[in-house]
Amino acid sequence: MQNVIDNLTYWIMKVPEEFTLMSELEVSQKPLPEKWSKKEILGHLCDSAINNLERFIKVQYEKQPFVLTPYNQVQWVEIQGYQDISIQEIVNLWCHLNKKMIAVIARIPDEKLQYLCDIGDNQYKTVEWLVQDYLEHMEHHLRKQIFTEKNK
Ligand code: NI
């Protein structure tokens with residue numbers, strides 16, 4: 001899990017730094033009316049942290065295999081109105097949530113990393129896999145949609 005913690009630590013330093021280089025206009029622009037702006041993508045990453053924090057906590061005490069309940073990502077972004085919140089506020093929220101995420105991940109005992117979760121469609125994954133997947137999902141959005149070549 002140390003690699004996940006190291007990478008999250010890196011991004012907690014990097015994300016605020018990169019966003020200070022972008023204008024409010026740039027972070028609010030939607031490529032298409034139905035596509036997320038950079039603000040909304042970072043908001044989506046806050047939602048991912050909120051939902052995964054709950055999972056990484058519950059999986060440690062609930063009956064196995066823990067069943068993951070999906071959440072409607074589009075509705076979460078829309079209902080919370082990330083587009084109308086300042087980028088500074090979203091960056092702060094994202095940083096705090098990921099610091100909390102590091103604290104939770106760091107405390108998962110080794111044996112619990114092997115607990116199984118039901119991710120639907122008769123597929124079962126370990127907690128370790130889910131934690132890794134949390135980071136990969138985050139990095140995918142950051143690299144492909146937020147910090148494209150220009151900002152890298
Ligand atoms: Ni996503």
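Description of the structure in this document. (Residues numbered from 1 in each chain as written. Predicted model: local features only at pLDDT ≥ 70, side-chain atom pairs only at ≥ 80, totals over all residues.)

Helices and strands together make up the secondary structure of the protein, namely six helices and three strands. In the protein, the order of α-helices and β-strands from amino to carboxyl end is α-α-α-β-α-α-β-β-α. For a compact globule of 152 residues, the expected C-alpha radius of gyration is about 15 Å, and the protein comes in at 16 Å, within 12% of that figure. On the principal axes, the C-alpha backbone points of the protein span a range of 45 × 30 × 25 Å. Looking at the protein residue by residue over its 152 residues, the buried ones come to 22%. The contacts in the protein between residues at least 6 apart in sequence include a share of 76% that link residues at least 24 apart. (Helix = DSSP H or I, 4+ residues; strand = E, 2+ residues; numbered from the N terminus. Rg over C-alpha atoms; globule rule 2.2 N^0.38 Å. Buried ≥ 20, exposed ≤ 12 C-beta atoms within 10 Å, placed from the backbone. Contact = placed C-beta atoms within 7 Å.)

Our focus in this paragraph is the nonpolar core. Generally speaking, nonpolar side chains in soluble globular proteins are found buried as a group. Grouped together as the largest cluster of nonpolar side chains are 25 residues, with contacts concentrated most on Leu-42, Leu-45, Cys-46, Ile-90, Val-91 and Trp-94. Secondary structure elements with two or more residues in this core: α1 (2-19), α3 (38-58), α5 (87-106) and α6 (127-146). (Core = buried A, V, L, I, M, F, W, Y, C linked by C-beta atoms within 7 Å.)

Before going further, it helps to examine the sheet that holds strand β1 (residues 66-67). Taken in spatial order, the three strands line up as β1-β2-β3 in an open sheet, and their pairing is mixed. At either margin of the open sheet sits one strand with a lone partner, and together these are β1 and β3 (123-126). Relative to strand β2 (residues 116-120), β1 runs parallel, the two sharing two bridges. Directly across from Val-67, in β2, lies its bridge partner Asp-118. Strands β2 and β3 of the sheet are contacted by α6, whose axis makes an angle of about 85 degrees with β3. (Pairing = 2+ DSSP bridges. Axes fitted to C-alpha atoms, helices over the stretch in contact; angles between N-to-C directions.)

Moving on, we get to the packing of α1 against α6. At a closest axis distance of 10 Å, the pairing of α1 and α6 adopts a crossing angle of 30 degrees. Considering their axes alone, α1 and α6 lie roughly parallel with respect to each other. In the packing of α1 onto α6, the handedness of the crossing is left-handed. Residue-level contacts link Val-4, Asn-7, Leu-8 and Trp-11 of α1 to Val-131, Gln-132, Leu-135 and Leu-142 of α6. (Parallel < 35°, antiparallel > 145°, perpendicular 65-115°, else oblique. Left-handed = near helix turned anticlockwise from the far one by under 90°.)

All right, on to the pairing of β2 then. Here β2 runs beside β3; their pairing, made up of four bridges, is antiparallel. Bridged to Gly-120 within β3 is Gln-123. The turn linking β2 back onto β3 is made up of two residues, and Asp-121 within it adopts a positive phi angle of 50 degrees.

This part takes up α3. Along an α-helix, a turn takes 3.6 residues, which lines up residues three or four apart on a common side. Compared with an ideal rise of 1.5 Å per residue, which puts 21 residues at 30 Å, α3 spans 30 Å between its outermost C-alpha atoms and is within 8% of the ideal. Of all the residues in α3, the buried ones are Lys-38, Lys-39, Glu-40, Leu-42, Gly-43, His-44, Leu-45, Cys-46, Ser-48, Ala-49, Asn-52 and Phe-56. Elements that come into contact with the buried residues of α3 comprise α2 (24-28), α4 (73-80), α5 and α6. (Expected span 1.5 Å × (residues − 1).)

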